Amino acid sequence: MAAPLALLGALAVCAGAPPAAPGGDAPAFRVFQFPANAIPRIDGDASDWAMVGKDYAIGTSALAADDGSGRKPDPKSLDVNVRVGWVKGLNRLYFLYEARDDYWNFNAPGLTNDIYELVVDGDRSGGPLIGRFRPDLTPEEAWFGFQNIHAQNYHIFTPAGDKDWAMAWGSQASWIKRLPWSNIAYHYDFKPGQPGRLVMEFWITPFDHADPEDPAKSVETELREDRLLAMAWAVIDDDGPGRRGFWNLSPHHTMYGQASELCPFRLMPLEASLARPIAADWSFRILDRARRVVAFHDDSPAKATRWKWDFGDGETSAEQHPVHRYAAPGKFVVTLEVEGPAGTAKLSRVWDVSFTGDPAK
């Protein structure tokens, strides 16, 4: 679902973001791409994140009071480090939240808790996302038909003591906080009221449309390289009665319910050190089943200068994206070999391209 063009640039300029990219793009925080063979395991062990460089980390210095004072958290009292990742082909955002606090409050069943409040607007559609900013709606209409639908707010308890890990600020709470749409794990050894270090790993699914009742009617945000997302968070440091800090990544306090006040985040390509020098990949689409016409597409991630297709019927092509007609039905082993400055690579697929049933045994 595409975001309205008028809202695509309506994001906050957030402190701590890297410099603006050449070409005039707004400064954006970076979301690390994990290789498909190194997806973080959600177990509270941060070692999976060792490959994520320090330049991806968003620390305490990026947070500030949003009352106009510009006050920063005292790292001796609260020190936070957040890294965000994604995996190509999965519509999931992975988070590693590490924090040291001199007083962890998580003993009460309600919102009296240290909280990591996360807001995500996957398609940057902007505008309000909770009912208090839609006075034209009754509270019931807002809760059941508007809130958290086009952008999502999670009050994540850090940690959760004898309660669910988050309050999802919408009626999607019946499903959005559970597998297969999210998962979380903590690691800590402190008790309520004590100081200590918390490690929290979790992932969520961002939605262009999170249906209030039925996940089957929802539309996930499609994550792809170089795409911009709108996102921000606040760290609510609850140190007991009358001692509560609200430290925000966005300069706007109301970012919790106004998606246009979120920060831009860019889904980064795979780091060069993690990518294969050259690899082959391809896809296909049958254009005409009766005439057995197939369009092949080179999806190789590395730069190639030569292509050799073997269609499995004795015919070949040197085009990058050929269209081929099979003379007779069959089940074919199709191979693409690519060549570039970094070498050669090939990939075969067995019987993906087929115009007949399985052979009799």
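What you are looking at is a predicted structure, and each value in this text was computed from that prediction instead of being measured. (Residues numbered from 1 in each chain as written. Predicted model: local features only at pLDDT ≥ 70, side-chain atom pairs only at ≥ 80, totals over all residues. Heavy atoms only, no water.)

**A few points about the overall build of the protein**
Part 1: Helix and strand counts for the protein come out as one helix and 22 strands.
Part 2: With respect to the principal axes defined by its C-alpha atoms, the protein has extents near 80 × 50 × 45 Å.
Part 3: Of all 361 residues assigned to the protein, the portion counted as buried reaches 49%.
Part 4: The long-range share in the protein, meaning contacts at least 24 apart out of those at least 6 apart in sequence, stands at 65%.
Part 5: On the protein, roughly 17,500 Å² of surface is accessible, and the fraction owed to carbon and sulfur atoms is 51%.
Part 6: For the protein, the distance from the average position of its 37 positive side-chain charges to the average position of its 48 negative side-chain charges is 5 Å. (Helix = DSSP H or I, 4+ residues; strand = E, 2+ residues; numbered from the N terminus. Buried < 20%, exposed > 50% of the residue type's maximum accessible area, 1.4 Å probe, protein only. Contact = heavy atoms within 4.5 Å. Areas by Shrake-Rupley, 256 points an atom, 1.4 Å probe, with all protein chains shown as cover. Lys, Arg positive; Asp, Glu negative; His and termini not counted. Charge placed at Lys NZ, Arg CZ, Asp CG, Glu CD.)

**Points about the state of the cysteines**
Part 1: For the coordinates displayed, the defined rule picks out one disulfide.
Part 2: Bridging Cys14 to Cys263, the disulfide has an S-S length of 1.9 Å. On the sign convention where negative is left-handed, the bridge of Cys14 and Cys263, at about -90° about the S-S bond, is left-handed. With Cys14 in the segment before strand 1 (29-34) and Cys263 in strand 15 (residues 263-267), this residue pair connects regions lying 249 residues apart in the sequence. The residues Cys14 and Cys263 share a single accessibility class, namely buried. (Disulfide = S-S within 2.5 Å.)

**Brief notes about the sheet that holds strand 22 (residues 343-354)**
Part 1: What the four strands build is an open sheet, ordered 19-18-21-22; its pairing is antiparallel. Only two strands of the sheet have a single neighbouring strand rather than two, namely strand 19 (316-317) and strand 22. (Pairing = 2+ DSSP bridges.)

**What to know about the nonpolar core**
Part 1: If you look at the biggest cluster of nonpolar residues, it comprises 61 residues, and the most contacted ones within it are Leu93, Phe95, Tyr116, Leu118, Ile156 and Trp233.
Part 2: For this core, the element with the highest residue contribution is strand 13 (residues 228-238), accounting for seven residues.
Part 3: Aside from chain neighbours lying at most four places away, what touches Leu93 is Val31, Gly85, Val120, Phe202, Trp203, Ile204, Pro206, Leu223, Leu229, Met231 and Leu267.
Part 4: Ranked by size, the runner-up nonpolar core spans 18 residues in total, among them Trp282, Ala302, Trp307 and Leu336. (Core = buried A, V, L, I, M, F, W, Y, C linked by side-chain atoms within 4.5 Å.)

**With respect to a nonpolar patch on the surface**
Part 1: Together, Val333, Val350 and Trp351 make up an exposed nonpolar region whose accessible area comes to about 270 Å².
Part 2: Note on placement: Val333 falls in strand 21 (residues 331-340).
Part 3: Judged by relative accessible area, which is 36%, Val333 ranks as partly exposed. (Patch = residues over 30% accessible without salt bridge, like charges linked within 9 Å, V, L, I, M, F, W, Y side chains within 5 Å. Salt bridge = Lys/Arg side-chain N within 4 Å of Asp/Glu carboxyl O.)

**Side note on the sheet that holds strand 17 (residues 293-298)**
Part 1: Read from one edge of the open sheet, three strands run 16-17-20, paired in antiparallel fashion. In this open sheet, the two edge strands, each paired with only one partner strand, are strand 16 (282-288) and strand 20 (323-325). Between one strand axis and the next, the sheet turns by 25° as a mean value, whatever way the strands run.
Part 2: Bridge count for strand 16 against strand 17 is six bridges, and the pairing is antiparallel. Each residue of the ladder has a partner; that of Asp288, found in strand 17, is Val293. (Axes fitted to C-alpha atoms, helices over the stretch in contact; angles between N-to-C directions.)

**A word on the environment of Pro359**
Part 1: By the secondary structure assignment, Pro359 is in the segment after strand 22.
Part 2: Taking C-alpha positions, Pro359 is 64 Å from Asn107, a pair spaced 252 residues apart along the chain.
Part 3: The residues contacting Pro359, other than those within four sequence positions of it, are Lys331 and Trp351.

**Focus: the pairing of strand 22**
Part 1: Where strand 21 and strand 22 come together, ten bridges link them in antiparallel fashion. Its bridge partner lying in strand 22, Val333 is registered against Val350.
Part 2: Linking strand 21 back to strand 22 in an antiparallel pair, the connection comprises two residues.

**Considering the pairing of strand 21**
Along any regular strand the residues' side chains alternate between the sheet's two faces.
Part 1: Strand direction decides the pairing type here: strand 18 (residues 306-310) and strand 21, joined by five bridges, are antiparallel. Note on strand 21: the bridge partner recorded for Asp310 is Thr335.

**Notes on the confidence of the model for the protein**
Part 1: Across the protein, the average pLDDT comes to 92, with 94% of residues at 70 or higher.
Part 2: Under a pLDDT of 50 for its full length, residues 1-9 has, in the predicted model, 14 contacts with residues more than four places off or in other chains. (pLDDT = per-residue confidence, 0-100.)

**Some details on unusual backbone geometry**
Part 1: Geometrically, the link from Thr158 to Pro159 is a cis peptide bond, its omega value of -10° lying close to zero.
Part 2: Tracing the chain through its elements places Pro159 in the loop between strand 7 (152-157) and strand 8 (166-168).
Part 3: A cis amide bond links Leu179 to the next residue, Pro180, at an omega of 10°.
Part 4: As for its position among the elements, Pro180 is in the loop between strand 8 and strand 9 (182-187).
Part 5: The backbone of Arg292 shows a phi angle near 60°, a positive value even though the residue is not glycine.

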